[in-house]
Amino acid sequence: MDDPADTDTDTDVDVIEVRGGSGSLSLSRRRDPSRSVESALWIACVQVYLGPDVDHILIGDRRFDVASGQRRVVAVWKGPRIRRGWRPVIVAFGRDGSEFSRLGPLDSLDSRTWARVWGELGEPEES
């Protein structure tokens, strides 16, 4: 049986698409009173699929170069529990170093896709 992870499912991505992620409380030092559940760090990850013209991405302040044929990146970060459900800004860059698109912490569509949608609707872009 073929592994679904080996299939070329990312060819339909225009620029950036988040297709999965998760998070959990870090209780690695739970015996330490200062590291109680209330103050535990949130460990999160996201799986990002990239379009064919993306050269590299920034997830927060971390740069991920895209190797030839590689169209998936998994990033992990930690933060305070109160930021649960939040992810860093994701920015895609082209081969010439120019910004292609960005995906905000709570966005479901990247800025390039939104611009295309607004253009197809014939309405002015939201800022």
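Scroll up to find the structure this text is about.
Counting starts from 1 at the beginning of each chain's written sequence and moves along it residue by residue. For a predicted model such as this one, the threshold for reporting local features is a pLDDT of at least 70, and the threshold for listing and counting side-chain atom pairs is 80 or more; totals across whole chains, interfaces and linings nevertheless cover every residue. Side-chain metrics rest on all non-hydrogen atoms present in the structure, leaving aside hydrogens and water.

Caption draft 1: Region of the structure containing the overall build of the chain. In DSSP terms, a helix is any run of H or I states spanning at least four residues, a strand is any run of E spanning at least two, and both are numbered starting from the N terminus. Within the chain one finds 1 helix and 7 strands. Counting helices and strands in the order they occur from the N terminus, the chain gives β-β-β-β-β-β-β-α. Should any heavy atoms of two residues lie within 4.5 Å, those residues are considered in contact. Summarising the internal contacts of the chain: among those between residues at least 6 apart in sequence, 54% fall at separations of at least 24. Note on areas: Shrake-Rupley, 1.4 Å probe, and residue coverage restricted to the protein chains presented here. Counting every atom, the chain has about 8500 Å² of accessible surface; 50% of that belongs to carbon and sulfur.

Caption draft 2: Main features of the sheet that holds strand β7 (residues 99-103). Each pair of strands is called paired provided DSSP finds at least two bridges between the two strands. One open sheet accounts for 4 strands, arranged β4-β3-β6-β7; its pairing is antiparallel. Two strands close off the open sheet at either side, each with one partner strand: β4 (62-65) and β7. Put simply, the sheet's adjacent strands are angled 20° from each other on average, direction ignored. Bridging between strand β3 (residues 56-59) and strand β6 (residues 90-93) involves 4 bridges; their strand directions are antiparallel. Bridge pairing in β6 links I59 to I90. Each axis is a line fitted through C-alpha atoms, and for a helix only the stretch in contact is used; angles between axes span 0 to 180 degrees, taken between their N-to-C directions.

Caption draft 3: Quick peek at the pattern of salt bridges. Whenever Lys or Arg places a side-chain nitrogen within 4 Å of a carboxyl oxygen from Asp or Glu, that contact is recorded as a salt bridge. Applying the stated criterion to the full structure yields 7 salt bridges. D53 serves as the salt-bridge partner of R95, at 3.8 Å between the closest nitrogen and oxygen. Here R95 is found in the loop between β6 and β7, whereas its partner D53 is found in the loop between β2 (41-50) and β3, with 42 residues between them in sequence. Measuring nitrogen to oxygen at the nearest pair gives 2.7 Å for the salt bridge that ties D65 to R63. Salt bridges linked by common partners bring D14, R112, R116 and E120 together as one network.

Caption draft 4: The nonpolar core, seen in detail. With 18 residues, the main nonpolar core has I16, V48, L50, V54, I57 and I59 as its most contacted residues. For this core, the secondary-structure elements that each account for two or more residues are β2, β3, β5 (72-80) and β6. Looking at this core element by element, the count peaks at 5 residues for β2. Buried Ala, Val, Leu, Ile, Met, Phe, Trp, Tyr and Cys residues form a nonpolar core when they are joined through side-chain atoms within 4.5 Å. Note on exposure labels: buried denotes an accessible area under 20% of the residue type's maximum, exposed denotes more than 50%, and partly exposed covers the range between, all computed with a 1.4 Å probe on protein chains only.

Caption draft 5: Layout of the side chain of R71. Along the chain, the position of R71 falls in the loop between β4 and β5. Here a polar contact is taken to be a pair of N or O atoms separated by no more than 3.5 Å, where protein atoms must pair a possible hydrogen donor with a possible acceptor and residues adjacent in sequence count only if both atoms sit in side chains. A distance of 2.7 Å separates the side chain of R71 from the backbone oxygen of G51, its partner in a polar contact.

Caption draft 6: Quick peek at the environment of T113. Position of T113 relative to the elements: it lies in helix α1 (residues 111-121). Spatially, the C-alpha atom of T113 lies 9.9 Å from that of L103, the residues being 10 residues apart in sequence.

Caption draft 7: Broad picture of the packing of aromatic side chains. Note on ring pairs: Phe, Tyr and Trp rings are taken, using the six-membered ring of Trp, and paired if centres are within 6.5 Å. Classes follow the plane angle, with under 30 degrees stacked, over 60 edge-to-face and the rest tilted. Taken as a whole, this structure holds 1 aromatic pair when the rule is applied. Here, a charge over a ring is recorded when the distance from Lys NZ or Arg CZ to the ring centre is within 6 Å and its angle to the ring normal is within 35 degrees. Across the ring face of Y49, the terminal group of R19 is positioned such that the distance to the ring centre comes to 4.3 Å. Sitting above the plane of the F100 ring, R112 keeps its charged end 4.8 Å from the centroid.

Distances and angles like these do not, on their own, reveal function.
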